[in-house]
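Okay, here's what each chain looks like letter by letter:
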Amino acid sequence: MKFPLAEVAGRVSWWRSLGTVRHRTALAVLLVFSAVCLTEELAQASQRYLLGFPEAYSLGLLGHAFPRLAGSAWLDHVCAGVMLAGLVVLRFAFAGRALRWWTAAMAVQLWHHFESRVVPAFPGGMHLAYNVTAFALMAIALDCLRRQGRDERGSW
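One structure accompanies this document, and this report is about it. (Residues numbered from 1 in each chain as written. Predicted model: local features only at pLDDT ≥ 70, side-chain atom pairs only at ≥ 80, totals over all residues. Heavy atoms only, no water.)

## Here's the deal with the packing of helix H5 (residues 74–90) against helix H6 (residues 96–118)
Which entries qualify depends on this criterion: In this analysis, axes come from line fits to C-alpha atoms, helices being fitted only over the stretch in contact, and the angle between any two N-to-C directions falls in the range 0 to 180 degrees. Under the DSSP-based scheme used, a helix requires at least four consecutive residues in state H or I and a strand at least two consecutive residues in state E, with every element numbered from the N terminus. Oblique is the label for any angle not covered by the other classes, which are roughly parallel (under 35 degrees), roughly antiparallel (over 145) and roughly perpendicular (65 to 115). By definition, any crossing whose near helix is turned counterclockwise from its far helix by less than a right angle is left-handed, and any crossing with a clockwise turn is right-handed. Any two residues whose heavy atoms approach within 4.5 Å at even a single point are treated as in contact. Each residue is assigned to one class: nonpolar for Ala, Val, Leu, Ile, Met, Phe, Trp, Tyr, Cys and Pro, charged for Asp, Glu, Lys and Arg, and polar for all the others, Gly among them.
The N-to-C vectors of H5 and H6 enclose an angle of 150 degrees; their axes lie 9 Å apart at closest approach. Judged by the angle between their axes, H5 and H6 are roughly antiparallel. The two elements H5 and H6 cross, and the hand of that crossing is left-handed. Between H5 and H6, the contacting residues are Asp-76, His-77, Cys-79, Ala-80, Gly-81, Met-83, Leu-84, Gly-86, Leu-87, Val-88 and Leu-90 on the first element and Trp-102, Ala-105, Met-106, Gln-109, Leu-110, His-112, His-113, Ser-116 and Arg-117 on the second. Here the residues of the contact of H5 with H6 sort into 11 nonpolar, 7 polar and 2 charged.

Right, dumping it as C-alpha cells:
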C-alpha cells in the first residue's frame, strides 16, 4: 500500500498558503461571510424591535425567502461555526497587537458557538451582540494588521 505523501504535502501547502499567499483572499471571504451573517442578525433584530413584528414573523432577509432557515437555529450555528473556523485558520498570519485583537474575536466567537450549543433558547439579542462584538474585534485586528510593517507580521 502506497502512502500518498504528495497529496498530503499539497494539502499542507494549501493550508499554509492561507497564512501567506492567499491570506488576503481568505480574509476577504471571511469578512464578506461575516458581514452577511451580521446583516441577517440586524434584519431580524430590526424587524423584531423596531418594526414590532412578533418573533415568529421576524425572519430576517433570508428567512422570508427560506422560512425553514429562520425557523431553526441552523443558520446561526453555521454562521458561528464558519466564522470560528475562519478565525482559527487565519490566526497564524497575525502578530503583535493584531494577533491580540484577532484572538479576542476568536474567544468571543468560541463563547458564542459554545453558548448557542449549551443554551439553545437564549435571547436573540445575544446572537446579535456576539456577532457585532466579534465583527468589531476583527475589524480592529485588520486595521492593526494594515498598520504593521512587513517585519512585524506573523507567518506560518
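## Describing the state of the cysteines
For clarity, the cut-off: Only a pair of cysteine sulfur atoms within 2.5 Å counts as a disulfide in this structure description.
Considering all chains together, one arrives at 1 disulfide under this definition. The residue that forms a disulfide with Cys-37 is Cys-79, at a sulfur-sulfur distance of 2.2 Å. Handedness of the Cys-37-Cys-79 disulfide follows from its S-S torsion of about -80 degrees: it is left-handed. Pair noted here: Cys-37 is in helix H2 (residues 23–50) and Cys-79 is in helix H5, with a separation of 42 residues, a long-range link.

## Observations concerning the environment of Ala-141
Mapping Ala-141 onto the fold places it in helix H7 (residues 124–147). For the pair formed by Ala-141 and Leu-99, sequence separation is 42 residues and the distance between their alpha carbons is 6.9 Å. The residues touching Ala-141, leaving out its near neighbours within four places in the chain, are Phe-94, Ala-98, Trp-101 and Trp-102.

## Here's the deal with the nonpolar core
Worth spelling out the cut-off: Residues belong to a common nonpolar core when they are buried Ala, Val, Leu, Ile, Met, Phe, Trp, Tyr or Cys residues joined through side-chain atoms within 4.5 Å. Burial classes: relative accessible area under 20% of the type maximum marks a residue as buried, over 50% as exposed, and values in between as partly exposed (1.4 Å probe, protein chains only).
In this structure, Leu-27, Phe-94, Trp-102 and Met-138 are the most contacted members of the largest nonpolar core, which totals 21 residues. Top contributing element to this core by residue count: H7, with 8 residues. Leave out the neighbours within four places in its chain, and Leu-27 touches Leu-90, Phe-94, Trp-102, Leu-142 and Leu-145.

## Quick notes on the pattern of salt bridges
How we decide: Any Lys or Arg side-chain nitrogen found within 4 Å of a carboxyl oxygen on Asp or Glu counts as a salt bridge.
The full count for this structure, using the stated rule, is 2 salt bridges. Between Asp-143 and Arg-146 there is a salt bridge, with the nearest N and O atoms lying 2.9 Å from each other. Of the two residues, Asp-143 and Arg-146 are both situated in helix H7; the distance of 3 residues between them amounts to about one turn of the helix. What makes Arg-146 exposed here is its relative accessible area of 57%. The exposure class of Asp-143 is partly exposed, given its relative accessible area of 26%. Via salt bridges that share partners, Asp-143, Arg-146 and Arg-147 belong to a single interconnected network.

## Side note on the environment of Ala-73
Among the structural elements, Ala-73 can be located in the loop between helix H4 (67–71) and H5. Residues Ala-73 and Arg-117, spaced 44 residues apart in sequence, show a C-alpha to C-alpha distance of 9.7 Å.

Geometric values such as these leave the question of function open.
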